[in-house]
Amino acid sequence: MSSAREREPIGVIGAGYVGLVTAAGFAELGSEVWCVDIDAGRIERLERGEVPIYEPGLEQLLKRNAAKLHFTTDLDEALAHARLLFVAVGTPPTYSGDADLSAVHTVVDAIPASDGHALVMKSTVPCGTGASIQRAFAERGKGGLSYVSCPEFLREGSAMKDFLNPDRVVVGDEGDWAGDAVVELYAPLGAPLVRTDIASAEMVKLASNAFLATKISFINEIANVCEETGADVVEVARGMGLDDRIGPKFLQAGIGFGGSCFPKDVNALKQLAGNSGYHFQLLTAVIEVNELQKRRVIGKLHKHLGGLVGKRVALLGLAFKPDTDDMREASSLVLSARLNADGAAVTAYDPVVAEEARSLVSGITFADSPLHAAAGADAIVLVTEWSEFLKLDWSRLAEAMSGELVIDGRNALDPDAVRGAGLVYEGIGRR
Ligand SMILES: NC(=O)c1ccc[n+]([C@@H]2O[C@H](COP(=O)([O-])OP(=O)(O)OC[C@H]3O[C@@H](n4cnc5c(N)ncnc54)[C@H](O)[C@@H]3O)[C@@H](O)[C@H]2O)c1
């Protein structure tokens, strides 16, 4: 491992989930890091030592490496100090489902001609983006800039751990100095390296997310069939997961996947295929199954409560998964909207989702504890499996509720503990 003094300084463009984790991670490995964002308020907070997102371990790492981390809105500062500029700006979905690359293009436009700099793309972009950026560089007299695709695989909630212990590092480049420098930066982590061409690196990221999403939709469909046939999907998944070829991960049935990556990346790959003349049928089904899955809870509530008008429903969890405050494409958004539309009064509790993110969920009351959310509820729906929900005292909740239904949208609760409190337990695909 090279000493801290020899480590390559880097720039990181975009101080969001990926940008901040990348900045903190490389600073921890010894690099001086210039982190650039167009959001001046965010940069001010970071300069004050505040962390604008909830991500376990991030705050400690940013603090520990504060002397090596510089936050700025000025791209020139990063260009003056670093050859490698890691791009971690958002690529949200457009109305058509394609990836919106406008933030990436803003960065591409802003980089001046240079023979000594490289863009290292961490943002998830459609296959072919690197080639079109390289064409744009050449057409605008910026052919001296290098380009590397280095897709990011971190998971929110365990992002710092994932950065420091990656399953693999993928570097797509043209074999020049920039690819070598990125490989060198990651070398201390000792992760398997996939060094390949740019298009293949871009596709590794899209295909990985699409595969994981497919696994989730698959087990959700199995769960739905289990409900029709009397099998229990938890038992089925256990039996399947012990097969080495299948593995136990991503076989937890539930109310569908959300977040800032799976929904948009699966859709983007489907659109990319369509734009290239190929109809990706499997992904069309994966997306549709996921949309329907989010709504199946509504059917269960109707079945038990005999209609939702005037009924009180408590949602436990709002974030798209535990250990994050990210609400992008969270199942809670669809659920709360559907419940409102069907005339239910909705109360929700989430341990972390902040005030500003709450504006995304309209027409619901926010509680400050699970017990407060359960007060007077006809039904409780577990939406996000935060660890504090796995240790609830169900007899206290049962006393507070006016009804007795508990829908475990993540198959995360102990059915016996819930039933033991005199409540009715219903999971997803469980007997
Ligand atoms: N969040 C994840 O779990 C995850 C995992 C792997 C890959 N990715 C990909 O990484 C990319 C970033 O995702 P994120 O979740 O970190 O996004 P984010 O929305 O949290 O952060 C993006 C940041 O970029 C900033 N930004 C936008 N335009 C800019 C510009 N021109 N110059 C400087 N800063 C700019 C924004 O202000 C924001 O702070 C996306 O392409 C995403 O698909 C995300």
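Please read these numbers as outputs of a predicted model, since none were measured by experiment.

A. Looking closely at the overall build of the protein chain. Within the protein chain, the secondary structure is distributed over 17 helices and 14 strands. The C-alpha atoms of the protein chain give 23 Å as radius of gyration, which agrees with the globular expectation for 431 residues (22 Å, within 12%). Dimensions of the protein chain along its principal axes, counting C-alpha atoms only, are 70 × 50 × 40 Å. Looking at the 431 residues of the protein chain, the share that counts as buried comes to 53%. Summarising the internal contacts of the protein chain: among those between residues at least 6 apart in sequence, 73% fall at separations of at least 24. When the accessible area of the protein chain is evaluated, it comes to approximately 18700 Å², of which 52% is carbon and sulfur surface.

B. View of helix 2 (residues 40-47). For helix 2, the N-terminal cap is Asp39; the gap from its side-chain oxygen to the backbone nitrogen of Gly41 is 3.1 Å. Positive phi appears at Gly49, one or two residues downstream of helix 2, with a value of about 90°.

C. Expanded view of a negative patch on the surface. A contiguous patch of negative charge on the surface is contributed by Glu44, Glu47, Asp74, Asp76 and Glu77. When residues of the negative patch are traced back to their parent elements, those giving at least two are helix 2 and helix 4 (75-81). With respect to the secondary-structure elements, Asp74 resides in the loop between strand 3 (69-72) and helix 4. Since its relative accessible area comes to 35%, Asp74 is described here as partly exposed.

D. A look at the nonpolar core. Judged by nonpolar contacts, the single largest core of 54 residues is most densely connected at Leu301, Leu315, Leu339, Ile380, Val381 and Trp394. For Leu301, the contacting residues outside a window of four places in its chain are Gly306, Leu308, Val313, Leu339, Ala379, Val381, Leu405 and Ile407. In terms of nonpolar packing, the next biggest core, distinct from the first, is built from 40 residues, Leu20, Phe71, Leu154 and Tyr186 among them.

E. Fine view of the site of the ligand. As a matter of local geometry, the ligand sits amid 28 residues, with Val18, Asp37, Thr91, Glu156 and Lys264 nearest to it. At 2.6 Å from an oxygen atom of the ligand is found a side-chain nitrogen or oxygen belonging to Asp37. Protein contact buries 88% of the 840 Å² of open area that the ligand shows by itself. Among the residues making up the shell around the ligand, the classes are represented as twelve nonpolar, eight polar and eight charged.

F. How the structure looks around the packing of aromatic side chains. Counted under the stated rule, the structure contains nine aromatic pairs. Taking 5.9 Å as the distance between ring centres and 70° as the angle between the ring planes, the aromatic pair formed by Tyr349 and Phe389 counts as edge-to-face. Here the residue Tyr349 occupies a position in strand 10 (residues 345-349), and Phe389 occupies one in the loop between strand 12 (379-382) and helix 16 (394-400), the gap between them amounting to 40 residues. Each member of the pair, Tyr349 as well as Phe389, is classed as buried. What links up through ring pairs into an aromatic cluster is the set Phe26, Phe86, Phe163 and Tyr186.

G. Spotlight on the side chain of Asp326. With respect to the helices, strands and loops of the structure, Asp326 is situated in the loop between strand 9 (312-316) and helix 13 (331-341). Taking relative accessible area as the criterion, Asp326 reaches 3% and is therefore assigned buried. Ignoring any residue separated from it by four or fewer positions in sequence, one finds Asp326 in contact with Tyr17, Glu156, Ser260, Ala319 and Phe320.

H. Seen up close, the sheet that holds strand 12. The strand order across the open sheet formed by six strands is 11-10-9-12-13-14, and the pairing between neighbours is parallel. Across the chains shown, the open sheet's two edge strands, defined by having one partner strand only, are strand 11 (364-366) and strand 14 (424-426). On average, each strand axis in the sheet is tilted by 20° relative to the strand beside it, whichever way the strands run. When strand 9 meets strand 12, the two strands line up parallel, connected through four bridges. Directly across from Val313, in strand 12, lies its bridge partner Ala379.

I. Geometry of the state of the cysteines. All told, the structure shown has zero disulfides when counted by the stated rule. In this model Cys150 remains outside any disulfide bridge; the closest cysteine sulfur is found in Cys261, 15 Å from its own. Note on Cys150: relative accessible area 1%, which makes it buried.

J. Seen up close, the environment of Asp109. Within the fold, Asp109 resides in helix 5 (residues 102-110). Taking the relative accessible area as the measure of exposure, Asp109 reaches 49% and is therefore partly exposed. For the pair Asp109 and Gln293, spaced 184 residues apart in the sequence, the C-alpha separation amounts to 41 Å. Contact partners of Asp109, with chain neighbours within four places excluded, come to Arg140 and Lys142.

Rules used in this analysis
- Residues numbered from 1 in each chain as written.
- Predicted model: local features only at pLDDT ≥ 70, side-chain atom pairs only at ≥ 80, totals over all residues.
- Heavy atoms only, no water.
- Helix = DSSP H or I, 4+ residues; strand = E, 2+ residues; numbered from the N terminus.
- Rg over C-alpha atoms; globule rule 2.2 N^0.38 Å.
- Buried < 20%, exposed > 50% of the residue type's maximum accessible area, 1.4 Å probe, protein only.
- Contact = heavy atoms within 4.5 Å.
- Areas by Shrake-Rupley, 256 points an atom, 1.4 Å probe, with all protein chains shown as cover.
- Polar contact = N/O pair within 3.5 Å; in protein donor to acceptor, adjacent residues only side chain to side chain.
- Patch = residues over 30% accessible without salt bridge, like charges linked within 9 Å, V, L, I, M, F, W, Y side chains within 5 Å.
- Salt bridge = Lys/Arg side-chain N within 4 Å of Asp/Glu carboxyl O.
- Lys, Arg positive; Asp, Glu negative; His and termini not counted.
- Charge placed at Lys NZ, Arg CZ, Asp CG, Glu CD.
- Core = buried A, V, L, I, M, F, W, Y, C linked by side-chain atoms within 4.5 Å.
- Near = heavy atom within 4 Å.
- Nonpolar A, V, L, I, M, F, W, Y, C, P; charged D, E, K, R; others polar.
- Phe/Tyr/Trp six-rings, centres within 6.5 Å; stacked < 30°, edge-to-face > 60°.
- Pairing = 2+ DSSP bridges.
- Axes fitted to C-alpha atoms, helices over the stretch in contact; angles between N-to-C directions.
- Disulfide = S-S within 2.5 Å.

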